[in-house]
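One letter stands for each residue in the lines below.
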Amino acid sequence: MHYQTLFTSGQDGYHTYRIPALVTAPAGPVLAFCEARRHNGRDDDKIDILLRRSFDGAHTWAERQLVVPSGGRTCGNPCPIVDTQTGLIWLLFCKDNQQIFVTKSADQGQTWAEPVEITHQAKDPSWSYVGTGPGHGIRLCCGRLLAPCWSDQSPGPVTWAPEQPNWGKIQSSYALYSDDQGQTWHHSPNISPDASDECSAFECSDGTVYMDMRSRKERKCRARALSMDRGQTWSPVEYDPRLPEPSCQGSTLRIDETLYVAHPSDPEARRQLALYQSRDQCQTFSAPTILYPGSAAYSDLAATKTHLLCFFEADECARMVLGLIKL
């Protein structure tokens, strides 16, 4: 395992870097996105979305790019999706966790189109807050683009005040998808009310879509749900005691017939970032491989031809680290 620090909190005018998202572009570059929190590091900070790209298989990295400037707002929850058919890279994100936008790149992430708001397509009016991803979305074999998302239905007026939080009390997972190469978007119903939130998805070889989710209500293990209709409807949330967690975002990736799941594995703290493998569509999992034994939280997985990549928050969010594992 080889580690590289891509972003260090406190540097380049930002208080904290958080919320990793990672994809490999069709022509080979690796794209690492994150939130750049300017003043205090909180979820309601003024937040830009930054990007670094690698052109040699994630061994060296170009300087950072500003993809989404905050404009004085909270722009976060980056969720990139690679469309291998068109070559486009889509990026979904939120403003103040209330509006959803999408932008795209036709040149491997070098430049990005003006963001388009899709809130009315992507969010139920009864939801006070939403989050895309965070982490990458997927393209299904049928061509559908699918983004894992979460909703919030906490009671009370919508307000973005950390001293009087009124969100996080009732949250759920759902899917956002497009069947026309990103031109229009639709959302599924919430999977199970208040059973899970931040999530990651992959498509099994039989077409089943598997949603791996952060659990709620002190379950201390990962949640999961299945879709047999490409993400439009979902089975009820179940919990998997084989995958212990402290309630934290996690990440997934499919490479050929092997499915990978990564998340902090200590049920009492965000530490011991672990990687699990399954070769039977998540009926069984391997023993965990500890990618990082210390403080580690959010992550995202991608791959090059030679390495599995894990981009994650380390050392109580003091830095954003990329780990390379030889395949």
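Preceding block: the structure.
Attention here is on the structure that accompanies the text. (Residues numbered from 1 in each chain as written. Predicted model: local features only at pLDDT ≥ 70, side-chain atom pairs only at ≥ 80, totals over all residues. Heavy atoms only, no water.)

Thoughts on the sheet that holds strand β3 (residues 30–37)
No. 1: The strand order across the open sheet formed by four strands is β2-β3-β4-β5, and the pairing between neighbours is antiparallel. Pairing within the sheet leaves two strands with one partner each, and these edge strands are β2 (16–24) and β5 (65–68). The average angle at which neighbouring strand axes cross in this sheet is 30 degrees, direction not considered.
No. 2: Two elements, β3 and strand β4 (residues 47–54), share eight bridges in a ladder whose sense is antiparallel. Across the sheet, alanine 32 pairs through a bridge with arginine 52, a residue of β4. (Pairing = 2+ DSSP bridges. Helix = DSSP H or I, 4+ residues; strand = E, 2+ residues; numbered from the N terminus. Axes fitted to C-alpha atoms, helices over the stretch in contact; angles between N-to-C directions.)

So, the sheet that holds strand β16 (residues 209–215)
No. 1: Reading across the sheet, the four strands line up as β15-β16-β17-β18 and stay open at both edges, with antiparallel pairing between neighbours. The strands lining the two open edges of the sheet, one partner per strand, are β15 (196–203) and β18 (238–244). Along the sheet, successive strands turn relative to each other by an average axial angle of 35 degrees, direction set aside.
No. 2: In this sheet, β16 lies alongside β15 in antiparallel orientation, the contact comprising six bridges. Counterpart to serine 196 in the pairing with β16 is serine 215.

Description of the layout of surface pockets
No. 1: Considering only enclosed or pocket space, the largest pocket measures out at about 650 Å³ in volume.
No. 2: Taken together, 26 residues form the lining of the largest pocket, with Thr84, Ile138, Arg139, Leu253 and Arg254 sitting closest to its centre.
No. 3: Residues of the lining of the largest pocket, tallied by class, amount to 15 nonpolar, six polar and five charged.
No. 4: Quantified by volume, the second largest pocket comes out at close to 520 Å³. (1 Å grid on protein atoms, 1.4 Å probe; cavity = no way out; pocket = protein on both sides within 12 Å on 5 of 7 lines; lining within 4 Å. Points joined across faces, edges and corners; volume = space filled by probe spheres on them. Nonpolar A, V, L, I, M, F, W, Y, C, P; charged D, E, K, R; others polar.)

Observations regarding the side chain of serine 251
No. 1: Its location among the elements puts serine 251 in strand β19 (residues 251–255).
No. 2: Note on serine 251: relative accessible area 0%, which makes it buried.
No. 3: In terms of polar contacts, serine 251 uses its side chain to reach the side chain of serine 299, at 2.8 Å. (Buried < 20%, exposed > 50% of the residue type's maximum accessible area, 1.4 Å probe, protein only. Polar contact = N/O pair within 3.5 Å; in protein donor to acceptor, adjacent residues only side chain to side chain.)

Here's the deal with the pairing of strand β24 (residues 319–326)
No. 1: The sheet contact formed by strand β1 (residues 2–8) and β24 spans six bridges and is antiparallel. Its bridge partner being in β24, threonine 8 is matched across the sheet by arginine 319.
No. 2: As defined by bridge partners, strand β23 (residues 307–314) adjoins β24 across eight bridges and the pair is classed as antiparallel. Looking at β24, one finds that cysteine 310 is bridged to glycine 323.

Here we look at the environment of leucine 275
No. 1: Structurally, leucine 275 is set in strand β21 (residues 271–278).
No. 2: Spatially, the C-alpha atoms of leucine 275 and tyrosine 298 are 13 Å apart, while their sequence positions differ by 23 residues.
No. 3: Ignoring sequence-local partners within four residues, the contact set of leucine 275 consists of Tyr260, Val261, Ala262, Ala287, Pro288, Thr289, Leu291, Leu301 and Leu308. (Contact = heavy atoms within 4.5 Å.)

Regarding unusual backbone geometry
No. 1: Geometrically, the link from glycine 133 to proline 134 is a cis peptide bond, its omega value of -5 degrees lying close to zero.
No. 2: Within the secondary structure, proline 134 is located in the loop between β10 (129–132) and β11 (138–139).
No. 3: Although it is not a glycine, aspartate 194 sits at a positive phi angle of roughly 60 degrees.
No. 4: Position of aspartate 194 relative to the elements: it lies in the loop between β14 (186–187) and β15.
No. 5: Residue lysine 217 is not a glycine yet carries a positive backbone phi of 60 degrees.
No. 6: Positionally, lysine 217 belongs in the loop between β16 and β17 (221–227).

A word on the packing of aromatic side chains
No. 1: Per the stated rule, a full pass over the model turns up ten aromatic pairs.
No. 2: The interplanar angle of 75 degrees and the centroid separation of 6.4 Å between the aromatic rings of tyrosine 3 and phenylalanine 312 together place this pair among those described as edge-to-face. Here tyrosine 3, found in strand β1, pairs with phenylalanine 312, found in strand β23; they are 309 residues apart in sequence, far enough to count as distant.
No. 3: Here phenylalanine 7 and tyrosine 17 contribute two aromatic rings whose centre-to-centre distance is 5.2 Å and whose plane-to-plane angle is 35 degrees, an arrangement assigned as tilted. Separated by ten residues along the polypeptide, phenylalanine 7 in strand β1 and tyrosine 17 in strand β2 bring together distant segments of the chain.
No. 4: Its relative accessible area of 4% is what places phenylalanine 7 among the buried residues.
No. 5: Using a relative accessible area of 1% as the deciding quantity, one classes tyrosine 17 as buried.
No. 6: Following the ring pairs from residue to residue traces out a cluster consisting of Phe7, Tyr14, Tyr17 and Phe311. (Phe/Tyr/Trp six-rings, centres within 6.5 Å; stacked < 30°, edge-to-face > 60°.)

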